[in-house]
Amino acid sequence: MTKIEVLLAEDQGMVLGALAALLNTEPDITVVGTASNGSLALEAIAKKPPQVLVTDIEMPQMTGLELAAAVKERFPKTRIVILTTFARPGYLRRALDAGAQGYLLKDRPASELAEAIRRVHRGLRVVDPDLAAEAWTADPDPLTDRERQILQRAGDGMSTAEVARELGLSEGTVRNYLSESIAKLGVSNRIEAARLARSKGWL
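This text gives an overview of the structure that appears in the document. Since we're looking at a predicted model, the values are computed, not measured. (Residues numbered from 1 in each chain as written. Predicted model: local features only at pLDDT ≥ 70, side-chain atom pairs only at ≥ 80, totals over all residues. Heavy atoms only, no water.)

Notes on the layout of surface pockets
Size it by volume and the largest pocket reaches roughly 720 Å³. Together, 26 residues line the largest pocket, and T63, E66, R94, Q149 and Q152 are the ones closest to its centre. Contributions of two or more residues to the lining of the largest pocket are made by helix 3 (64-74), helix 4 (89-98) and helix 7 (145-155). Looking at side-chain class alone, the lining of the largest pocket contains ten nonpolar, four polar and twelve charged residues. Each pocket or cavity is described by its volume, and for the second largest pocket that value is around 160 Å³. Surrounding the second largest pocket, 13 residues form its lining, L19, L83, K106, R108 and A110 being those nearest its centre. Listed by contribution, the elements that provide at least two residues to the lining of the second largest pocket are helix 1 (13-23), strand 5 (102-105) and helix 5 (110-121). Element by element, the count of residues in the lining of the second largest pocket is highest for helix 1, at four residues. Across the lining of the second largest pocket, the residue classes break down as ten nonpolar, no polar and three charged. (1 Å grid on protein atoms, 1.4 Å probe; cavity = no way out; pocket = protein on both sides within 12 Å on 5 of 7 lines; lining within 4 Å. Points joined across faces, edges and corners; volume = space filled by probe spheres on them. Helix = DSSP H or I, 4+ residues; strand = E, 2+ residues; numbered from the N terminus. Nonpolar A, V, L, I, M, F, W, Y, C, P; charged D, E, K, R; others polar.)

In structure tokens, the structure reads:
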């Protein structure tokens, strides 16, 4: 039997080890690699693209959504499953836009993950049914990709100057993007804007 080759990206070591062990018990699935962040996962995929990537969303250096978008562009034959604790419609929409074919929550039984891997490998889409229903009535994400990048860093406590340096922008440009984000979200400052955007799954 030809096994489905899977790469796992997860920043929590115990979760990563448990997922690998569980999936390797499946007769038709083999875990060919693991990575503790998105950047390492992308490096591993570049060396030998797996058939399926299973990735968390929130990871250091590169998020699962950024990883999914990069994999979709560079390695389109690799199918992507997002496995996360975040039951937020905004995250689901962004994951699908980034190229993910599956979106599952970590509180689901391990057997569902294995079946999701099989389904996306066959070219199907798998989405948590309750979250999919909720996504139909959720508010649309008003932020642009650049506004999201800047607001996320500002919400993490970075100063305007630090954000500007990291993204190669002027401080005035960063302030303009933050002002736009604050106005779109109808709040009074960057901290409230980041908090609201996170609660909606937009960051």
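Observations concerning helix 2 (residues 38-47)
The periodicity of an α-helix, 3.6 residues per turn, causes residues three or four positions apart to be oriented the same way. Within helix 2, the full set of buried residues consists of G38, A41, L42 and I45. Along the axis of helix 2, the buried residues cluster in a sector spanning 100 degrees; they form a single face. Buried positions along helix 2 lie against strand 1 (4-9), strand 2 (29-35), strand 3 (52-55) and helix 3. In this structure N37 caps helix 2, since a side-chain oxygen of it lies 3.0 Å from the backbone nitrogen of S39. (Buried < 20%, exposed > 50% of the residue type's maximum accessible area, 1.4 Å probe, protein only. Arc of directions from axis to C-beta. Contact = heavy atoms within 4.5 Å. Polar contact = N/O pair within 3.5 Å; in protein donor to acceptor, adjacent residues only side chain to side chain.)

Read these as spatial facts, not as claims about activity.
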